[in-house]
Amino acid sequence: MTIQNWKKMDISPKISFIKGKAPKTLINNPEPGYILYLTPELLRGNSPSIEYCSEKESISVSNNEVIILWDGSNAGEIFKAKTGALASTMARINIQSLAIDSSYLFYFLKNYEYRIKNQVRGSGIPHVDRKVFSELPDDFPLNLSEQRKIAEILTTLDDTIEQTEALIHKYHRIKQGLMQDLLKVKESWTILPLGIACKKGGGSVQTGPFGSQLHSCDYKDEGIPIITVEHLGDNEIIHKDLPLVGHEDYLRLSKYKIITGDLVFSRVGAIDRCAYVSENENEWLFSGRLLRVRPGSLFDSRFLSYLLNHHPSRLWILNNSVGSIMKCLNTTILSELPIHIPSMTEQKEISEEISSIDRLIRDSVQEMEKLSPIKQGLMQDLLTGKVRVNALLKN
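Keep in mind the model is a prediction, meaning the values are calculated, not measured.

## What about the sheet that holds strand 5 (residues 60-61)?
Alright, step 1. Strand order in the open sheet formed by 4 strands is 4-3-8-5, and the pairing between neighbours is mixed. The sheet is open, and its two borders are formed by strand 4 (52-54) and strand 5, each paired with just one other strand.
Alright, step 2. Sheet topology places strand 5 next to strand 8 (residues 84-86); 2 bridges connect them, and they run antiparallel. What sits directly across from Val61, in strand 8, is Gly84.

## So, the packing of helix 2 (residues 102-111) against helix 4 (residues 144-182)
Alright, step 1. Across the interface, helix 2 lies against helix 4 with an axial gap of 8 Å and an inter-helix angle of 65°. Two packed elements cross with a definite hand, and for helix 2 against helix 4 that hand is left-handed. Every residue of helix 4 that contacts helix 2 at Ser103, Tyr104 and Tyr107 is listed here: Gln147, Ile150, Ala151, Leu154, Thr155 and Asp158.
Alright, step 2. Classifying every residue of the contact of helix 2 with helix 4 gives 5 nonpolar, 3 polar and 1 charged.

## Section: the nonpolar core
Alright, step 1. Formed by 41 residues in total, the largest nonpolar core has its most connected members in Ile11, Ile68, Phe108, Leu109 and Phe133.
Alright, step 2. Of all elements in the fold, only strand 2 (15-19), strand 6 (66-69), strand 9 (90-95), helix 2, helix 4 and helix 10 (344-382) reach the threshold of two or more residues within this core.
Alright, step 3. Sorting elements by how many residues they give to this core places helix 4 first, with 7 residues.
Alright, step 4. What Leu109 contacts, discounting residues up to four positions off in sequence, is Ile11, Val66, Ile78, Ile93, Ile116, Phe133 and Leu136.
Alright, step 5. Core analysis: the second largest hydrophobic core is formed by 35 residues, Trp189, Leu304, Ile333 and Ile354 among them.

## A few points about the pattern of salt bridges
Alright, step 1. Counted according to the given criterion, the structure contains 17 salt bridges.
Alright, step 2. The shortest N-O distance in the salt bridge between Lys110 and Glu113 comes to 2.9 Å.
Alright, step 3. Via salt bridges that share partners, Lys8, Asp138 and Asp139 belong to a single interconnected network.

## Observations regarding the packing of aromatic side chains
Alright, step 1. By the definition in use, this model includes 7 aromatic pairs.
Alright, step 2. Plain terms: the ring middles of Tyr104 and Phe140 are 5.4 Å apart, the flat faces sit at 65° to each other, and that makes the pair edge-to-face. Taken together, the residues span a long stretch of sequence, with Tyr104 in helix 2 and Phe140 in strand 12 (residues 139-141) at a distance of 36 residues. We note that Tyr104, like Phe140, is buried.
Alright, step 3. Judged by centre distance (4.9 Å) and plane angle (75°), the ring pair of Phe106 and Tyr107 falls under edge-to-face. The exposure classification of Phe106 matches that of Tyr107, with both residues buried.
Alright, step 4. Clustering of aromatic rings is evident, with ring pairs tying together Tyr104, Phe108, Tyr112 and Phe140.
Alright, step 5. Above the ring of Phe79, the side-chain terminus of Lys110 is found at 5.9 Å from the ring centroid.
Alright, step 6. A cation over a ring is seen here: Arg302 above Tyr276, with NZ or CZ 3.7 Å from the ring centre.

## Looking at the sheet that holds strand 14 (residues 204-207)
Alright, step 1. Taken together, the 4 strands give an open sheet; going across it, the order is 14-22-19-20, and neighbouring strands pair in antiparallel fashion. Each end of this open sheet is capped by a strand with a single partner; those strands are strand 14 and strand 20 (274-276). Recorded for the sheet is a direction-independent mean angle of 25° between the axes of neighbouring strands.
Alright, step 2. Direction of pairing for strand 19 (residues 263-266) relative to strand 20: antiparallel, over a ladder of 3 bridges. Paired with Leu263 across the two strands is Tyr276, which belongs to strand 20.

Calculation notes
- Residues numbered from 1 in each chain as written.
- Predicted model: local features only at pLDDT ≥ 70, side-chain atom pairs only at ≥ 80, totals over all residues.
- Heavy atoms only, no water.
- Pairing = 2+ DSSP bridges.
- Helix = DSSP H or I, 4+ residues; strand = E, 2+ residues; numbered from the N terminus.
- Axes fitted to C-alpha atoms, helices over the stretch in contact; angles between N-to-C directions.
- Left-handed = near helix turned anticlockwise from the far one by under 90°.
- Contact = heavy atoms within 4.5 Å.
- Nonpolar A, V, L, I, M, F, W, Y, C, P; charged D, E, K, R; others polar.
- Core = buried A, V, L, I, M, F, W, Y, C linked by side-chain atoms within 4.5 Å.
- Buried < 20%, exposed > 50% of the residue type's maximum accessible area, 1.4 Å probe, protein only.
- Salt bridge = Lys/Arg side-chain N within 4 Å of Asp/Glu carboxyl O.
- Phe/Tyr/Trp six-rings, centres within 6.5 Å; stacked < 30°, edge-to-face > 60°.
- Lys NZ or Arg CZ within 6 Å of the ring centre and 35° of its normal.

Below, the structure written as structure tokens:
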């Protein structure tokens, strides 16, 4: 179907590639004549360190130029550049046509990144296959103004996503600082082993059902969820790919219910973190790969969840676990974990203060989860002409 004011354009002859160089020297602090060394990790925002190289000996790029990861396991990944020097695995994409806007080209290539990445060459170190660029969908807006308006809309959405991510990171830092301050042990706090403290308040530390009590063949298409290791998130239960059991098995395994306020640990692997059971998981079941802590009346459950996820508790669990190859946890070890217990009033105050930050984190994460599919949908619509930018702006 012909799209008004769009034309067929093979971008392959209209772009060229300049590979980056391996620097002779990298330094950790900026000096005159040295510029930022741009690695894929740095551009993704997860580089463990920032390094600089000589500008004279490098291929430099400017802010927002389009670059591509040319070599390696993730070859074909598209980036917007920062001002700096290209790593040897990267390449700058030069545009050799006045009919293509640079910002539009970034989103066009990003939209088909999966095709570029799926068509790499090389049996050893994979690298981008230049032929793939002549095989990409070739409909382009004729007017540069339309290209720029499309890029502007997507850039605005990207900026919102980036700001939301930054806000989430900020809230996490605030939370860590709060936990460090609020969970600092005071002389007035009572010390008891976790198992004894739970038992005194009518709670318990309980392992899940043995393998002989529940098999994967017992799972149903409909029924009551049972959580296992992969459903333990950051102090919360993840509602994804939950196995279900029928009513009869649920009654038979009623001893292994979880209720609001319970805390759940993994028995193997990532044993040093627990997840809080909210009202959304009330009266579900937990599997034999987990341990359940029912706090009892001596604890505010939220407070205990923060205390058990705090670094000193996690470190104690790791140092006292069993297993040389894989860390393992059992009810005996977990029951012996020393717990410093403030008054119930102080527990609730601490819990509420940390929970207030958790709510901000959760709201921001939910916002991110909304924005990502909106962006994907807009890219598909705007970059194919399915939705015209003028019509979108009117709506």
